[in-house]
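# Summary of structural features
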Amino acid sequence: MAETHVLFVEDDDVIREATQLALERDGFVVTAMPDGLAGLEAFRANRPDIALLDVMVPGLDGVSLCRRIRDESTVPVIMLSARADSIDVVLGLEAGADDYVTKPFDGAVLVARIRAVLRRFGHASGPDRGKGAAAELDDATEAVLRFGDLEVDTEGMEVRKGGENVALTPTEMRLLLEFSNAPGTVLSRDRLLERVWDYGWGGDTRVVDVHVQRLRGKIGQDRIETVRGFGYKLRG
């Protein structure tokens, strides 16, 4: 398997250098940049496999950088935030980030989260490759699932609404596949965290809520129903 290239944007010299060394020890190739503008240039020049973006960096803040990256690519993005309760976390997710990690973080935890995201995006090898919603659709399931004017092509990994293609990020696609595989069934946030984000140990449900909000904006606000106190379900 080819080495995984990580773009890491962090303005704190100590954190940037220490994290880069830790990731390189785990076999990643790392391009580390001190500000958002340099990070954007590095992204365009190197096309990394994943981007780690600190929220508060000079030049072009992490949230704005995430938006710029998402305009050009579906590469996975993890935001780094110093405050778990910060509005920056939600802003980063709304900008298109797939996950976030709170600082200060343990190097092993960061590596585990990176590997979990990469598995979801098909960068895993061996038994992890293909793991998740798409791989676990029953063999007898129809290739194209239809819910009103919404069509989900589970083989071509394409979505159409009213005959028009809908552009989803890989995380949004996995989330929709989970709903499509169990239409009318209420899926809890914890289950979605485990199945879509690979959080067997639990995680922040804001990740789920923001991604559901983004998915609704693309496939229709009424297509995914909120069941208060329990979770979400896809209307058939």
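My aim in this report is to walk through the structure given alongside it, one point at a time.

### What about the pairing of strand β4 (residues 77–81)?
- Of all five residues in β4, five are buried, a share of seventy percent or more.
- By the alternation rule, side chains of β4 split into Val77, Met79 and Ser81 and Ile78 and Leu80, which are all buried.
- Examined bridge by bridge, strand β3 (residues 50–54) and β4 share four bridges and lie parallel to one another. Paired with Leu53 across the two strands is Met79, which belongs to β4.
- For the segment spanning β3, helix α3 (residues 62–72) and β4, crossover handedness is right-handed.
- Looking at chain direction, β4 and strand β5 (residues 99–102) are connected through four bridges and run parallel. Counterpart to Leu80 in the pairing with β5 is Val101.

### A closer look at α3
- Residues of α3 that are buried: Gly62, Val63, Leu65, Cys66, Ile69 and Arg70. For α3, the angular spread of the buried residues around the axis is 155°, confining them to a single face.
- Among the structural elements, β1 (5–9), α2 (36–46), β3, β4 and α4 (87–94) are those in contact with the buried residues of α3.
- Of the residues that open α3, the one with a side-chain oxygen 3.0 Å from the backbone nitrogen of Val63 is Asp61.

### Some remarks on the side chain of Thr31
- Structurally, the position occupied by Thr31 is in strand β2 (residues 29–33).
- The residues contacting Thr31, other than those within four sequence positions of it, are His5, Val6, Leu7, Phe8, Ala42 and Asn46.

### Comments concerning the pairing of β2
- Two elements, β1 and β2, share five bridges in a ladder whose sense is parallel. Residue Phe8 lies in a different strand from β2, and its bridge partner there is Ala32.

### Section: the nonpolar core
- Ranked by internal contacts, the top residues of the largest apolar core, which has 51 residues, are Leu53, Met79 and Phe179.
- The contacts of Leu53, once residues within four sequence positions are left out, are Val9, Gly62, Leu65, Cys66, Ile69, Val77, Ile78, Met79 and Leu80.
- Listed in part, the 16 residues of the second largest apolar core include Val30, Leu110, Val111 and Ile114.

Calculation criteria
Residues numbered from 1 in each chain as written. Predicted model: local features only at pLDDT ≥ 70, side-chain atom pairs only at ≥ 80, totals over all residues. Heavy atoms only, no water. Buried < 20%, exposed > 50% of the residue type's maximum accessible area, 1.4 Å probe, protein only. Helix = DSSP H or I, 4+ residues; strand = E, 2+ residues; numbered from the N terminus. Pairing = 2+ DSSP bridges. Right-handed = clockwise from strand over helix to strand, strands pointing away. Arc of directions from axis to C-beta. Contact = heavy atoms within 4.5 Å. Polar contact = N/O pair within 3.5 Å; in protein donor to acceptor, adjacent residues only side chain to side chain. Core = buried A, V, L, I, M, F, W, Y, C linked by side-chain atoms within 4.5 Å.

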